[in-house]
Amino acid sequence: SLTIGIVGLPNVGKSTLFNALTKNDVLAANYPFATIEPNVGVVGVPDPRLQKLAEIFGSQRILPATVDFVDIAGIVRGASEGEGLGNKFLANIRESDAICQVIRAFKDENVVHVDGKVSPKDDIETINTELILADLQTIEKVLPRLQKESRIKKDVAPKAKAVEEAKEILEKGDTLFSQGIVQGSERAELLHDLHLLTTKPFLYVFNVDEDELVDEDFKNEQRALVAPAEAIFLNAKLEAELAELDEEEALELLQSVGQDEPGLATLARVGFQTLGLQTYLTAGPKESRAWTIKKGATAPEAAGVIHTDFQKGFIKAEVISFDDLVEAGSVAEARARGKARMEGKDYVMQDGDVVEFRFNV
Ligand code: GDP
């Protein structure tokens, strides 16, 4: 499955956040015998539709979609020079499908800042500089050969040109992602086999003091710093506390600081979107469940997420949109109202589709 790597300078609250994430590990809760890697936190993507489906179908349990967060320790200035930890760090980032930067905004004299002062803007720049330098190194290794080849082989020219363009952007101090060259896009396609770090989608977690959680001016300033990436504001210590409480107590604590959901829930939801993912839903007496697919997946591809046999033997999918199903109150009534559609192998899945697959075994 796709993963989001958590990076950040030392002492910004990564461990605190990651511990809170692992306390919410849905894998641990739902699959007691699963092997859980110490540096991976599997977090459920909150989806109130599942609760509703569970009511309609009398489901025994709810299984949300999940996002895997990987704790990537140890970014330091000079990481791109590839010394010791630096190398391992870059390799770990390369394996992630998106990058979540944790940025310190909280003020606390007892927690030393590596650069002596709390400045989200400077910290973002420090981290981005390391990633940009690493990408420039990668490019400098391949560009001379590409340029030479492109003089002989016409079909290499577009790639050489794309790499030159990327180099220019990076030399200006910009990430490729911020200039629209992001994994999955047409512009990034030619760069694919370089595995550049800054073509990964980024998101930012600002670890803030409680008063900043509700400070819209402050938040807008930070949002402007990181756009087009998403910014999430949370207090890591508070998240750790929330993870210890039952639902009611947690809600009370959240409301006392002006929030209506835990920051981790927001993080899971935004992370899921950042990865370019989407869900469809299945429901029955056993469980109501959200399944993860890539945006644009077809019905057979979606079936394959449940079981490869479902994809191989795919005949059709009976699809009811979530809203229609809730309005009808049952599958039978939705069918009676003509709201159940039979979709074939070319159907592109839509968000909120409640699906039952028909297949040959
Ligand atoms: P890491 O080095 O980025 O993993 O940072 P840690 O999670 O180990 O946190 C460093 C220190 O900052 C610890 O003493 C934490 O208790 C403290 N800390 C983490 N988050 C917060 C926060 O939101 N507010 C305050 N005041 N301290 C925090």
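Described below are features of the structure shown in this document. (Residues numbered from 1 in each chain as written. Predicted model: local features only at pLDDT ≥ 70, side-chain atom pairs only at ≥ 80, totals over all residues.)

1. Digging into the site of the ligand
Right, so step 1: The environment of the ligand is formed by 15 residues, the closest being Gly 13, Lys 14, Ser 15, Thr 16 and Asp 108.
Right, so step 2: Here the shell around the ligand takes 3 residues from helix H1 (residues 14-23), the largest share from any one element.
Right, so step 3: The class makeup of the residues in the shell around the ligand is 5 nonpolar, 7 polar and 3 charged. (Near = placed C-beta within 6 Å. Helix = DSSP H or I, 4+ residues; strand = E, 2+ residues; numbered from the N terminus. Nonpolar A, V, L, I, M, F, W, Y, C, P; charged D, E, K, R; others polar.)

2. Description of the nonpolar core
Right, so step 1: Judged by nonpolar contacts, the single largest core of 87 residues is most densely connected at Ile 6, Tyr 204, Val 205 and Ile 232.
Right, so step 2: Those residues in contact with Tyr 204 that sit more than four places away from it in its chain are Gln 101, Ile 103, Val 226, Ala 229, Ala 231 and Ile 232. (Core = buried A, V, L, I, M, F, W, Y, C linked by C-beta atoms within 7 Å. Buried ≥ 20, exposed ≤ 12 C-beta atoms within 10 Å, placed from the backbone. Contact = placed C-beta atoms within 7 Å.)

3. Quick look at the pairing of strand E8 (residues 277-283)
Right, so step 1: Burial analysis of E8 places 6 of its 7 residues in the buried class, which makes it a mostly covered element.
Right, so step 2: Hairpin geometry of E8 and strand E9 (residues 287-294) is characterised by an intervening segment of 3 residues between the two adjacent antiparallel strands. (Pairing = 2+ DSSP bridges.)

4. Examining helix H10 (residues 247-256)
Right, so step 1: Of all 10 residues in H10, 0 are buried, a share of ten percent or less.
Right, so step 2: Phi turns positive, to about 75°, at Gly 258, one or two residues after H10.

5. Brief notes about the packing of helix H5 (residues 120-152) against helix H6 (residues 157-171)
Helix-helix packing: each pair is described by the crossing angle between the helix axes and the interaxial distance.
Right, so step 1: As a packed pair, H5 and H6 sit with axes 9 Å apart at the nearest point and diverge in direction by 150°. With respect to H6, the element H5 is oriented roughly antiparallel. Where H5 crosses over H6, the two elements pack in a sense that is left-handed. For the pair H5 and H6, the contacting residues are Ile 132, Asp 135, Leu 136, Ile 139, Val 142, Leu 143, Leu 146, Gln 147 and Ser 150 in the first and Ala 157, Lys 159, Ala 160, Val 163, Ala 166, Lys 167 and Leu 170 in the second.
Right, so step 2: Here the contact of H5 with H6 is built from residues that sort into 11 nonpolar, 2 polar and 3 charged. (Axes fitted to C-alpha atoms, helices over the stretch in contact; angles between N-to-C directions. Parallel < 35°, antiparallel > 145°, perpendicular 65-115°, else oblique. Left-handed = near helix turned anticlockwise from the far one by under 90°.)

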